[in-house]
Amino acid sequence: MNQTEVNQFKKLYQRHLRLLKLQGKSQKTIDAYSRAVRRISEHFDCCPDQLTPEQLEIYFAKLVETWGVQKIRLSGNSRGL
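Predicted model only: the values in this text are computed from it and were never measured.

J.: I keep staring at the packing of aromatic side chains and nothing clicks. Help me out?
T.: Each aromatic ring pair is specified by the distance between its two centres and by the angle formed by the two planes. Here the structure, examined in full by the defined rule, presents 3 aromatic pairs. Residues Phe9 and Tyr13 carry aromatic rings whose centres are separated by 5.5 Å and whose planes lie at 25 degrees to one another, so their mutual orientation is stacked. With a gap of 4 residues between them, Phe9 and Tyr13 both fall in helix α1 (residues 3-22), about one helical turn apart. Accessibility classification places Phe9 together with Tyr13 in one group, the buried group. For the pair Tyr59 and Phe60, a centre-to-centre distance of 5.2 Å together with 80 degrees between the ring planes defines the contact as edge-to-face.

J.: Would you explain the state of the cysteines in this entry?
T.: Such a bond, covalent and formed between the sulfur atoms of two cysteines, is termed a disulfide. For the structure on display, the rule yields 0 disulfides. You can see Cys47 has no disulfide; the closest cysteine sulfur is in Cys46, sitting 7.2 Å from it.

J.: What should I look at first to understand the environment of Leu20 in this one?
T.: Inspection of the secondary structure assignment puts Leu20 in helix α1. Under the relative-accessibility criterion, Leu20 is labelled buried at 6%. The spatial distance from the C-alpha of Leu20 to the C-alpha of Ile30 is 6.4 Å, given a sequence separation of 10 residues.

J.: Sorry if this is basic, but what is going on with unusual backbone geometry here?
T.: Trans is the prevailing form of peptide bonds, just as negative phi is the prevailing case for residues other than glycine. The phi dihedral of Asp45 is positive, around 50 degrees, even though this residue is not glycine. Position of Asp45 relative to the elements: it lies in the loop between α2 (27-44) and α3 (53-67). The exposure class assigned to Asp45 is partly exposed, which follows from its relative accessible area of 48%.

J.: What exactly am I supposed to notice about the nonpolar core here?
T.: Note that soluble globular proteins tend to have their nonpolar side chains buried in a common cluster. Among the nonpolar cores identified, the biggest contains 6 residues, and these are Phe9, Tyr13, Leu17, Leu20, Ile30 and Cys47. Among residues more than four places away in sequence, those in contact with Tyr13 are Ser34, Val37 and Arg38. With 5 residues, the next largest nonpolar core counts Cys46, Leu51, Tyr59 and Leu63 among its residues.

Basis of the calculations
- Residues numbered from 1 in each chain as written.
- Predicted model: local features only at pLDDT ≥ 70, side-chain atom pairs only at ≥ 80, totals over all residues.
- Heavy atoms only, no water.
- Phe/Tyr/Trp six-rings, centres within 6.5 Å; stacked < 30°, edge-to-face > 60°.
- Helix = DSSP H or I, 4+ residues; strand = E, 2+ residues; numbered from the N terminus.
- Buried < 20%, exposed > 50% of the residue type's maximum accessible area, 1.4 Å probe, protein only.
- Disulfide = S-S within 2.5 Å.
- Core = buried A, V, L, I, M, F, W, Y, C linked by side-chain atoms within 4.5 Å.
- Contact = heavy atoms within 4.5 Å.

Structure, rendered in structure tokens:
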């Protein structure tokens, strides 16, 4: 990501954290959701708000293919996505 994209990511990431806290999510859930956002961003090397629904579909389909749905759910509770 270029510096503009990094700045946009940081801004959106902080908002994401704030909204999760306002929704009353546990810290463990916030950590898992946040890891998922960071991993998606790293995978595509862009700010997640730039991703298309098709890109996300392909990404998650690949995760399910690789790990299986149950494994992803379990890892989301301990290691995150």
